[in-house]
Structures are given as C-alpha cells and as structure tokens.
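# Structural features, examined
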Amino acid sequence: MINNLITVKRIKFIQNYITKNKLDGYIQPRADSYLGEYVPECDARLKWLSGFTGSAGVILILRNQVVLFVDSRYTIQAKNETKNTGIKVILSSKQSLEMYIASNAKKCNKIAYDPWLHSYSYIKGILNIGKKYNIEFLSLKENPIDLFWNKDRNKIPNSKINIHPIKYAGIHSTSKIKKLCLYMKELNVNAYILNHPDAIAWLLNIRGMDLNHTPIVLTRAIIFSSGSIFLFIDSSRIDKKIQRHLKNNIKIYPKDSIIKEIIKISKNNNKILIDPDNVSYALVQNIKSKSTNLIEKKCPIEKMKSIKNKIEIKGAISAHIRDGKALAKFLYWIQKYRSSLNSELAASNKIDKLRSKQENFICTSFETISGFASNGAIVHYRVTEKSNKTFTNNNIYLCDSGGQYLEGTTDVTRTVAIGKPTQNMKDHFSTVLKGHIALASAIFPYGTTGNDLDLLARLPLWKKDLNYGHGTGHGVGSCLSVHEGPHRISKGSFTILEPGMITSNEPGFYLTNKYGIRIENLMLVQKIKNKNNKNMLTFETLTLAPIDINLINYNLLTEEEIFWLNNYHNKVYEKISNNLDREERSWLKKACSPHLK
C-alpha cells in the first residue's frame, strides 16, 4: 500500500500540471492502452497515483478536488486504500464520472484525457456530453502521470512467446484466421484493428507471460480479409520457432508504427472493422471520414473463443481435476491448522504453492482473495502484511483463487467455518447455497441469456431481503483470461448462452465489518442428455471441491437441493480421492458425506 503522504504529493503534481496548462481536470482510468482488466505494473497509473489497487475504477483530478469512481465490489477497499488522502470515493452506479462532470459543468470547462487509455465508444460518448453541456474534452499527446513517474517504474513486459500446442488449442490458427476472414468478407471490410492481446493469443495459438495472471503477449494486430496479418511487436521477441509457427502471411512491424499503418489503410477508403468498446481512441482518432470508413461491431473473436471446442472442453475437465487435488489438500490443511497458527497470508501462500505443484500449471489466474471475518466482506479483498488477520475461532474464512494450466483456466471460491459458526452464519451460507444450486441445476431453452438466469441465484436471498452487488457469473477462457466475454450471468447481459461456453456461478452475501460468503464453481453449458428435453440446455459443474457442510442449515434446504449437494460431493470424492494421501482422503470422505433428510 502506498504511503498516504506520497499519494497527496503525487496528486499535487497532477493538479499543478492541470493549473499550468489551463485545464480544469484530468481523467485517469485503471486501464492501460490495451483496455484489458489486468495491467502490467509499469502501466498501473491509477494505483501509482491514488494507492487504489482494484481492477476497475476511474479517477477525476480537478484543481481543488479528487474523486474516485468505483463499482460496488470496491467501495470498502477504495475507502480504506485512499484514507487520509483527500480522495472522495463515489459508487459509480449512484453517480458516474460522466454524470458528475455534467452536474459540475461550471468548474469542469476543460477536461483532459489520454486517448490511449479510453475506448473509441467512450470518447464518442463524452464528446457528446461536452457538446450538450459546453464542456471541452481535450486529447493529450502525453500522459501527465508519465511526466512524473520515473523512479521505481517497472520495465515494459518482454516475456518469452510460446506456441500453444494443438493438443491444447484444438484448432489450428490457420483455420481460425480463415473463419475470421470469411466474417470480414461478409461485412465487406478490408481490415480489422485488433487491440485485444487475448484475442490475438487465441487466434494465433500463442501464449506468453506479459501479465502476472494471464498467459498472453501484449501486442496489437491488423487483420486483412485476404488473410494477411500485421503483428505489432518488438521483432527481437520473435525467434525462428515462433516465425515458423506464424507462417509467411504474418508480418512483424515495430509496435509504435501501428497508427502510421492505420492511416495508410484508411487513405484508400478501405472499410476498417473495429470493436468500439475495445479499441483505443488513439488508434482511430486520426482517421478521416470515420462514419464511412469505420464499421463498428463487437469483436467476432470473443464469440468464437467463448465456445470451447471438444479438446478445450476435455482440457477444462482435466484442469479442474488437477485443481481439485490442490483444493482438497488446501481445505484439509485449513481444517487441520485452523488455530491461531494460521492467517490470511499463510492460507493465501499455501493454496498458491499447492497449485504450483500440479502438472501443467503456469501461474495463478488472479491474485488470491484470502479474507477472514470482516475482511471477507470486502468482495475483492487483497491481503497485505498490514491488513493480514490471524484466524480465531467461531468465524468464517473466504478464499477465492484460481489457476492457469496448459489445458484450461480455473476459478473457485470456498467459504469455510473456523470453529463453531453462529446460526446467522449458517442461515446466510445456506441461503447463498440455495441460489448456487438453483442456477447449477437450471434447465433452459436455446436463446436464454445471462440476464434471464441471474435471478435464479438471487431469489433465495431476495426472499430474505438480502442481495449481493456483483454479477452472478462471468465467462472464463481456455488458458487465457479468467474473466472472458461476451457472455455473463448478470442483469443486462443479453448474449445467448451456447453449448461449449464456460461460466462461473458465484452468488454471495457480505455483512459489512462481520464476514463474507461466496460459493463459486465453474460450469459448462451443454445440451441436456434427456431425450425428452433434447432442445434444452443445462450446466455441468466443472469445479471439484467440497462445500463446507459445517456451515449448512439443512432445515433451509429442500429435498431436491440436498439431492444435488449429495450428488456433487459424491462426484468430488470419486474424481479427487485417488490423488490424496490416506489422511487427506479420510478427511475428504467426511467432508463429502451425504446428508440424509
């Protein structure tokens, strides 16, 4: 955590810059120029400036005021991390940055932004707000934070590029490129500007470690409908093996030459495809006749890679068996050493170490969330030496963790009792479990969206006037991003769920300053095997880890819910027990013991 005095000093640097350049404010988002969820440390400008470490947020720096906008996952965390800095934290669902600027138009006449860090659609939106409220939004040539952030700044990632073998990818890159080019020809576009490193990794069957938790290479590309590809990356990173893999149709260009190439393409009145929500404004701001030259569509690769092929599905199942072994050993360890010898940091380090021992493990899929008692109520809590809590009896521990394996990506949350839980804890946990089971056992027709299913997980909570502020589920990649689109299970998600998609199922409940509860499994969308319902879909749960029966009030569960839980635990024991030693296996049998109502 950054020292508060340092944060105040850094904010003053930017405020002086604003005043000196006759501006009223500057917008700094969490994003880097690739607009992904995760950013390398060298581009973590929001963290450097404010001390806020969450994965989503945007700060507005005015001459005499600083406002940080975050979603409901980060309200507690943001307030804790920016305490005594003068930063005001606002929940973005109550008032967005754009609403705030519009309602304070008199003191926000000139607001600057870095065009690399915002999408084309976002800048179009704020420029329209500017016209309506007479506010001037100015594109900067250089990020003001970069003028001051020199000392202790990490180097730009330069990891080794690896081929993702066909035995894990399932489909050759040439086939993927052909499919993309057919789509482009249908749209009558000549080129596609691709600003998604994860989409490029999937398309070309390459992986890297430019990010700590996502095995990708930070690069951009221009795809032509002819099948040619311009890849913008330091040529020194392309060895002979990668060059052979990439084929002759892929040409390597310096990473900073992409704007020049885009301008060249646009001069010939070529139609250029972009995803307006995921292409940096800087890449297209110099294109003339945007309304005629730019074709705006959602990234077609997102949909392609979200539907896993047979090899990727097989890999996901295999990865979850490996992951289940680590999880069983971890949960056994928690129960064995749940005395004061244990802590959030010790537990976080333990699960990470156990995963690292599994075959084909690459890295964790995100920074482990390890929250005991009140820290568990912070949805995306990150333990530090300062915040670390030692376990004490009669409370709850929440652990959200995941791994990247060559054959798949995992993400799982388990909430466990430390000592004897209170009746309220058991009732809250059981209510969350009811929602989890309702979604996991859903049967639904083709055409169903995440928006349609979200309420299944929430209804048991709503009946008790309870809720949670985050989405119920997110898509998951295959040895790629743990948070993958385009599908989600949440309000406002209208992507149709299709067989082969993987999604999380993670309802929760968070009692501020007390404890947090979340139960998360990954699930595969698949056709139902029952002949009577051959046009219907359902979920197959992939995650293999016992759900803490010590936290269940079985009186709140129906016979059908108990039947689902018993079946799930039977599957966990059957798939995992042979990978454990005798003591661990004995513990797992007890943890998975069926309840007879």
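Now for a quick tour of the structure. (Residues numbered from 1 in each chain as written. Predicted model: local features only at pLDDT ≥ 70, side-chain atom pairs only at ≥ 80, totals over all residues. Heavy atoms only, no water.)

## Overview of the overall build of the protein
Helix and strand counts for the protein come out as 20 helices and 28 strands. Taking 2.2 N^0.38 as the reference for a compact globule, 597 residues should give roughly 25 Å; the C-alpha atoms of the protein span a radius of gyration of 25 Å, in line with that estimate. Seen through its C-alpha atoms, the protein measures out along the principal axes to roughly 70 × 55 × 45 Å. Here the protein holds 597 residues, and 58% of them are scored as buried. Of the roughly 26200 Å² that the protein leaves accessible, carbon and sulfur atoms contribute 50%. A gap of 2 Å separates the mean positions of the 86 positive and 51 negative side-chain charges of the protein. (Helix = DSSP H or I, 4+ residues; strand = E, 2+ residues; numbered from the N terminus. Rg over C-alpha atoms; globule rule 2.2 N^0.38 Å. Buried < 20%, exposed > 50% of the residue type's maximum accessible area, 1.4 Å probe, protein only. Areas by Shrake-Rupley, 256 points an atom, 1.4 Å probe, with all protein chains shown as cover. Lys, Arg positive; Asp, Glu negative; His and termini not counted. Charge placed at Lys NZ, Arg CZ, Asp CG, Glu CD.)

## Some words on the side chain of H164
Take H164: it is sitting in the loop between β7 (162-163) and α7 (166-169). Here H164 falls in the buried class, since its relative accessible area comes to 3%. If sequence neighbours within four positions are ignored, H164 has contacts with A169, N205, I206, R207, L406 and C479. (Contact = heavy atoms within 4.5 Å.)

## A short note on the nonpolar core
If you look at the biggest cluster of nonpolar residues, it comprises 73 residues, and the most contacted ones within it are F330, I334, Y397, L433, F444, F539 and I547. Here the element with the most residues in this core is helix α15 (residues 310-336); it accounts for eight residues. Those residues in contact with F539 that sit more than four places away from it in its chain are L439, A440, A442, F444, L453, I489, L497, T503, M523, L524 and V525. (Core = buried A, V, L, I, M, F, W, Y, C linked by side-chain atoms within 4.5 Å.)

## Section: the pattern of salt bridges
Applying the stated criterion across every chain yields a total of 26 salt bridges. With a closest N to O distance of 3.0 Å, K308 and E484 form a salt bridge. Residue K308 is located in the loop between α14 (300-306) and α15, and its partner E484 is located in strand β23 (residues 484-489); the two are separated by 176 residues in the primary sequence. In this structure K308 comes out as buried when scored by relative accessible area, which is 5%. Across the pair R322 and E407 runs a salt bridge, and its minimum N-O distance is 2.9 Å. In this pair, R322 sits in helix α15 while E407 sits in the loop between β18 (403-405) and β19 (408-409), placing the two residues 85 residues apart along the sequence. Put simply, D198, E302, K305, K308 and E484 are held in one network by salt bridges that share partners. (Salt bridge = Lys/Arg side-chain N within 4 Å of Asp/Glu carboxyl O.)

## Comments concerning the sheet that holds β19
With respect to topology, three strands assemble into an open sheet ordered β15-β18-β19, the strand pairing being antiparallel. Looking at the sheet topology across the chains shown, the edges are occupied by β15 (361-364) and β19. As paired strands, β18 and β19 are joined by two bridges and run antiparallel to one another. Along β19, the bridge assignment pairs Q404 with T409. Its contacts with the sheet place α15 against β18 and β19, and it is angled at close to 130° to β18. (Pairing = 2+ DSSP bridges. Axes fitted to C-alpha atoms, helices over the stretch in contact; angles between N-to-C directions.)

## Description of the layout of surface pockets
Within this model, the second largest pocket holds a volume of roughly 1000 Å³. Lining the second largest pocket are 40 residues; nearest its centre among them are K47, T53, E81, E367 and R382. Ranked by residue count, the leading element in the lining of the second largest pocket is helix α3 (residues 75-81), at three residues. Taken together, the residues that form the lining of the second largest pocket break down as 15 nonpolar, 15 polar and ten charged. (1 Å grid on protein atoms, 1.4 Å probe; cavity = no way out; pocket = protein on both sides within 12 Å on 5 of 7 lines; lining within 4 Å. Points joined across faces, edges and corners; volume = space filled by probe spheres on them. Nonpolar A, V, L, I, M, F, W, Y, C, P; charged D, E, K, R; others polar.)

## Re the sheet that holds strand β17 (residues 395-401)
On the basis of which strands lie adjacent, the open sheet formed by three strands has the order β16-β17-β20 and antiparallel pairing. Among the strands making up the open sheet, the edge pair consists of β16 (369-372) and β20 (412-418). The mean inter-strand angle of the sheet, taken between neighbouring strand axes irrespective of direction, is 10°.

## Some points on helix α1 (residues 4-20)
The end-to-end C-alpha distance of α1 is 24 Å, a good match for the 24 Å that 17 residues give at a rise of 1.5 Å each. Each element contacted by the buried residues of α1 is listed here: β1 (25-29), α2 (45-50), β2 (58-62), β3 (66-70), β4 (87-91) and α6 (144-148). After α1 finishes, the residue K22 shows a positive phi value of roughly 55°. (Expected span 1.5 Å × (residues − 1).)

## Remarks on empty space enclosed by the protein
Counted according to the given criterion, the structure contains five cavities of 30 Å³ or more. In this structure, the largest cavity encloses a volume near 40 Å³. If you trace the largest cavity, you find it lined by S173, T174, I177, L204, H245, L246, K247, N249 and I250. Elements represented by at least two residues in the lining of the largest cavity include exactly α8 (173-187) and α10 (240-246). Per element, the largest residue contribution to the lining of the largest cavity is three residues, and it comes from α8. Here the lining of the largest cavity is built from residues that sort into four nonpolar, four polar and one charged.

## Brief notes about the packing of α15 against helix α16 (residues 344-356)
Where α15 contacts α16, the two axes come as close as 9 Å, and the packing angle between them is 150°. Taken together, α15 and α16 sit at an angle that is classed as roughly antiparallel. When the axes of α15 and α16 are compared, the crossing they make is right-handed. Each of D323, A326, L327, K329, F330, W333 and I334 in α15 lies in contact with α16, whose residues at this interface are A346, A347, K350, I351, L354 and R355. Here the contact of α15 with α16 is built from residues that sort into nine nonpolar, no polar and four charged. (Parallel < 35°, antiparallel > 145°, perpendicular 65-115°, else oblique. Left-handed = near helix turned anticlockwise from the far one by under 90°.)

## What about the packing of α8 against helix α9 (residues 197-204)?
Orientation of α8 relative to α9, taken along the N-to-C sense of each, is 120°, at an axis distance of 7 Å. Taken together, the axes of α8 and α9 are oblique relative to one another. In contact with S173, K176, I177 and L180 of α8, α9 contributes W202, L203 and L204. Residue classes in the contact of α8 with α9 are distributed as five nonpolar, one polar and one charged.

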